[in-house]
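Examining the three-dimensional arrangement
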Amino acid sequence: MGLVREFTKGLWDEIPPFRLVLGLCPTLAVTKTLKDGLGMGLAVIFVLLCSNVLISILRNIIPPKVRIACYIVVIATFVVIVELVMQAFTYELYQDLGIFIPLIVVNCIVLGRAEAFASKNGVLASAADGLGIGVGFTLSLTVLGSIREALGCGTLSLKIPFTDISHVYNLFGPSFKPFAFMVSAPGAFICLGMLLCLMNIIGNLKKS
Amino acid sequence: MREILKMFIVLGIICGVAGALLAGVYTGTMDKIEYQELKFVKGPVIMEVLQGCTNNPVDDRFKLKYGEEEVKFFPGVFNGKCTKMAFETKGSGFGGDIGVIVAVNISEDTISGMGITTHKETPGVGSRAKDSVPFKNSFAGLSINDDIKIKADGGTVDAVSGATVTSKGVCAGVNTGSTIYKELKDQIISKAKEIK
């Protein structure tokens with residue numbers, strides 16, 4: 001498996017949270033809008049990439065018996081960095097994501113990649129893996145956030161972190177009655193299920 | 001034995017490096033975070049009590065020592081002169097401390113406005129004090145020498161109905177504000193002259 005393969009597997013074959021059904025808590029909670037989904041995804045990319053690289057570098061030094069403790073310290077450090085930087089530069093996003101930023105520490109995807117991949121593979125492969133899974137997670141959250149926001153509020157809000165670029169697109173005009181169920185947590189489950197169903201259909205079509 | 005020692009050392013070093021790194025990032029972002037909190041949490045309330053000012057009160061802020069604590073002052077410039085000064089005090093409400101922004105008219109020694117920043121009051125009951133315009137307006141124009149009380153206690157402020165404890169807490173916060181202002185008045189006025 002080449003580096004490209006390690007990267008692209010996170011975009012379809014092992015895309016979280018659809019294929020790798022991990023990290024559902026933030027997925028359901030923060031994908032109310034496009035911009036929150038995107039912001040959360042970017043935070044996870046940073047943590048996943050950095051923790052995967054560092055754990056891969058340290059994989060021969062860390063004693064197996066205390067490996068989980070070491071991983072948690074490494075991951076928590078990067079999460080706190082993200083939290084502080086987000087507070088300092090994109091405070092509005094920080095207010096929207098709130099408790100879900102510190103909770104990245106216990107996000108199963110990050111610890112899962114550390115334990116399942118980075119602790120057994122080289123630095124470059126781990127970086128590709130972390131980046132791939134992270135980008136996949138961001139894509140999922142962005143798509144999920146877009147669908148939920150479009151149906152639930154009739155808008156799409158885009159804000160690129162660290163810049164002033166910010167747009168709210170009104171999709172359906174004033175006569176639109178919002179499908180408020182989509183912005184509630186059960187709506188997220190159903191939307192997730194529908195998308196997974198769609199992915200399976202596409203997968204089956206490919207095979208046959 | 002060697003294995004246990006190695007576990008201690010490796011985990012210790014990782015924690016140490018992580019701690020040092022975080023201390024660095026924390027120090028580096030501290031000022032910026034403080035500014036963002038002022039801008040997004042207290043800023044809107046400060047702008048509300050200093051409505052119509054021509055400067056940016058958050059950018060022009062200064063600190064003064066009040067006893068052991070440092071109080072941040074947000075000056076408001078009107079018609080080219082700094083005539084109002086907003087600062088945050090605390091009063092204890094039903095669910096904990098209520099953050100109260102008091103604006104004082106420094107040329108008349110009166111309270112010109114009041115706003116609430118953070119609180120832990122009951123949603124829908126005490127929390128209404130934050131948005132009640134009549135309640136907030138009833139503080140405007142009171143002298144800083146008055147002991148501000150709600151009507152039930154023989155004062156002039158109309159309490160928010162059903163939220164007597166919260167209203168009392170806010171009054172206490174404003175009174176603390178008067179005390180702080182009186183104590184630091186000379187310093188505040190000399191600072192205010194520098195601001196345009």
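What this report covers is the structure whose coordinates are included nearby.

Definitions and cut-offs
- Residue numbers here run from 1 along each chain, matching the order of that chain's written sequence.
- Note on labels: chains are lettered from A, ligands numbered from 1, in written order.
- The predicted origin of the model limits local features to residues at a pLDDT of at least 70 and limits the giving and counting of side-chain atom pairs to 80 or more, whereas totals for whole chains, interfaces and linings rest on all residues.
- Only hydrogens and water are removed before side-chain values are computed, so all heavy atoms of the structure are retained for them.
- Whenever a carboxyl oxygen of Asp or Glu lies within 4 Å of a side-chain nitrogen of Lys or Arg, that contact is scored as a salt bridge.
- Where helices and strands are cited, they refer to DSSP runs of H or I of at least four residues and of E of at least two residues respectively, numbered from the N terminus.
- The rule is simple: take the accessible area with a 1.4 Å probe, protein chains only, and divide by the maximum for that residue type; under 20% is buried, over 50% is exposed, in between is partly exposed.
- Contacts were defined at the residue level, with two residues in contact if any of their heavy atoms lie within 4.5 Å.
- By convention, the term buried area covers the 1.4 Å-probe accessible surface removed from two parts as they join, with the contributions of both added.
- Here a polar contact is recorded for every N or O atom pair within 3.5 Å, except that within protein the pair must consist of a potential hydrogen donor and a potential acceptor, and residues adjacent in sequence are included only if both atoms are side-chain atoms.
- For this classification, Asp, Glu, Lys and Arg are treated as charged, while Ala, Val, Leu, Ile, Met, Phe, Trp, Tyr, Cys and Pro are nonpolar and the rest, including Gly, are polar.
- Any two strands are treated as partners once DSSP identifies two or more bridges connecting them.
- Note on method: axes are straight lines fitted to C-alpha atoms, helices fitted across the in-contact stretch only, with angles between N-to-C directions ranging 0 to 180 degrees.
- Here the word oblique covers every angle except those under 35 degrees (roughly parallel), over 145 (roughly antiparallel) and from 65 to 115 (roughly perpendicular).
- By definition, any crossing whose near helix is turned counterclockwise from its far helix by less than a right angle is left-handed, and any crossing with a clockwise turn is right-handed.
- Patch construction takes residues with relative accessible area above 30% that form no salt bridge. Like charges are linked within 9 Å, and nonpolar side chains (Val, Leu, Ile, Met, Phe, Trp, Tyr) are linked within 5 Å.
- In this description, accessible areas are obtained by the Shrake-Rupley approach with a 1.4 Å probe, and a residue is regarded as covered only by the protein chains that are shown.

**Overview of the pattern of salt bridges**
Evaluated as defined, the whole model comprises 15 salt bridges over all chains. A salt bridge links Arg113(A) to Glu14(A); the nearest nitrogen and oxygen atoms lie 3.7 Å apart. With Arg113(A) in helix H6 (residues 108-118) and Glu14(A) in the loop between helix H1 (3-8) and helix H2 (24-30), this pair connects stretches of sequence that are 99 residues apart. For Glu48(B), the salt bridge is made with Lys136(B), and the minimal N-O distance between the two is 2.9 Å. With Glu48(B) in helix H1 (residues 2-49) and Lys136(B) in helix H3 (residues 133-137), the pair connects residues that are 88 residues apart, well separated along the chain. Owing to a relative accessible area of 40%, Glu48(B) belongs among the partly exposed residues under this scheme. Of the residues examined, Lys136(B) reaches a relative accessible area of 11% and is grouped as buried. Put simply, Glu6(A), Lys9(A), Glu14(A), Arg113(A) and Asp129(A) are held in one network by salt bridges that share partners.

**A closer look at the interface of chain B and chain A**
Taken residue by residue, the interface counts 19 residues in chain B and 22 residues in chain A. For the chain B face of the interface with chain A, the top three residues by lost area are Met7(B), Ile14(B) and Phe40(B), together amounting to 26%. Between the two partners, chain B and chain A, sit one salt bridge. Linking Lys65(A) and Glu3(B) is a salt bridge whose minimum nitrogen-to-oxygen distance equals 3.3 Å. One can count three residue pairs in polar contact (both at pLDDT 80 or more) joining chain B with chain A. Within the side of chain B that touches chain A, the residues separate by chemical class into 13 nonpolar, two polar and four charged.

**Concerning the pairing of strand S2 (residues 69-78) of chain B**
Residue and element names in this part refer to chain B. Within S2, seven of the ten residues are buried, leaving the element largely enclosed by the surrounding structure. Summarising the sheet, strand S1 (residues 62-66) and S2 pair through five bridges and their orientation is antiparallel. Looking at S2, one finds that Lys63 is bridged to Lys72. In textbook terms, the turn of a hairpin is the stretch between consecutive antiparallel strands, and for S1 and S2 this stretch comprises two residues, one of which, Gly67, has a positive phi near 60°. Pairing geometry for S2 and strand S3 (residues 81-92), over six bridges, is antiparallel. Bridging from a neighbouring strand, Phe78 pairs with Lys81 of S3.

**Some remarks on unusual backbone geometry**
The amide bond that connects Pro16(A) to the next residue, Pro17(A), takes the cis arrangement and shows omega of -5°. With respect to the helices and strands, the residue Pro17(A) is situated in the loop between H1 and H2. Unlike most non-glycine residues, Asn79(B) shows phi in positive territory, near 50°. For Asn79(B), the position within the fold is in the loop between S2 and S3. Notably, Asp109(B) is not glycine yet its phi reads approximately 55°, a positive angle. Structurally, the position occupied by Asp109(B) is in the loop between strand S4 (97-105) and strand S5 (110-116).

**Description of the packing of helix H4 (residues 67-89) of chain A against H6(A)**
Helices that pack against each other are described as a pair by the angle of their axes relative to one another and the distance between those axes. Residue and element names in this part refer to chain A. H6 packs onto H4 with a crossing angle of 130° between their chain directions and a minimal axis gap of 11 Å. As judged from the angle between their axes, H4 and H6 are oblique. Note on packing geometry: the crossing formed by H4 with H6 is right-handed. In contact with Arg67, Ile68, Tyr71, Ile72 and Ile75 of H4, H6 contributes Val110, Leu111, Ala114 and Glu115. Residues that form the contact of H4 with H6 fall into these classes: seven nonpolar, no polar and two charged.

**Looking at the environment of Asp96(A)**
Residue and element names in this part refer to chain A. Along the chain, the position of Asp96 falls in helix H5 (residues 91-97). As for Asp96 and Ala116, which are separated by 20 residues in sequence, their C-alpha atoms are 31 Å apart. Look past the residues within four positions of Asp96 in its chain and what remains in contact with it is Lys35 and Asp36. Polar side-chain contacts of Asp96 include one of 3.3 Å to the side chain of Lys35.

**Notes on a nonpolar patch on the surface**
A contiguous nonpolar surface patch, about 780 Å² in accessible area, is contributed by Met1(B), Ile4(B), Leu5(B), Phe8(B), Ile9(B), Ile13(B) and Val17(B). Tracing the backbone through its elements, the reader meets Leu5(B) in helix H1.

**Section: the environment of Gly152(A)**
By the secondary structure assignment, Gly152(A) is in helix H7 (residues 123-152). Sequence spacing of Gly152(A) and Glu6(A) is 146 residues, and the spatial spacing of their C-alpha atoms is 36 Å.

**Description of the sheet that holds S1(B)**
Residue and element names in this part refer to chain B. Taken in spatial order, the five strands of this open sheet run S1-S2-S3-S4-S5, and their pairing is antiparallel. At either margin of the open sheet sits one strand with a lone partner, and together these are S1 and S5. Strand after strand, the sheet turns through a mean of 35° between neighbouring axes, direction not considered. Relative to S4, S3 runs antiparallel, the two being bridged by nine bridges. The partner of Gly91 across the bridge, within S4, is Ile98. The sheet contacts of H1 involve S1, S2, S3, S4 and S5, and relative to S5 the element is tilted by about 125°. Contacting S1, S2, S3, S4 and S5, helix H4 (residues 164-194) crosses the sheet at an angle of about 140° to S3.

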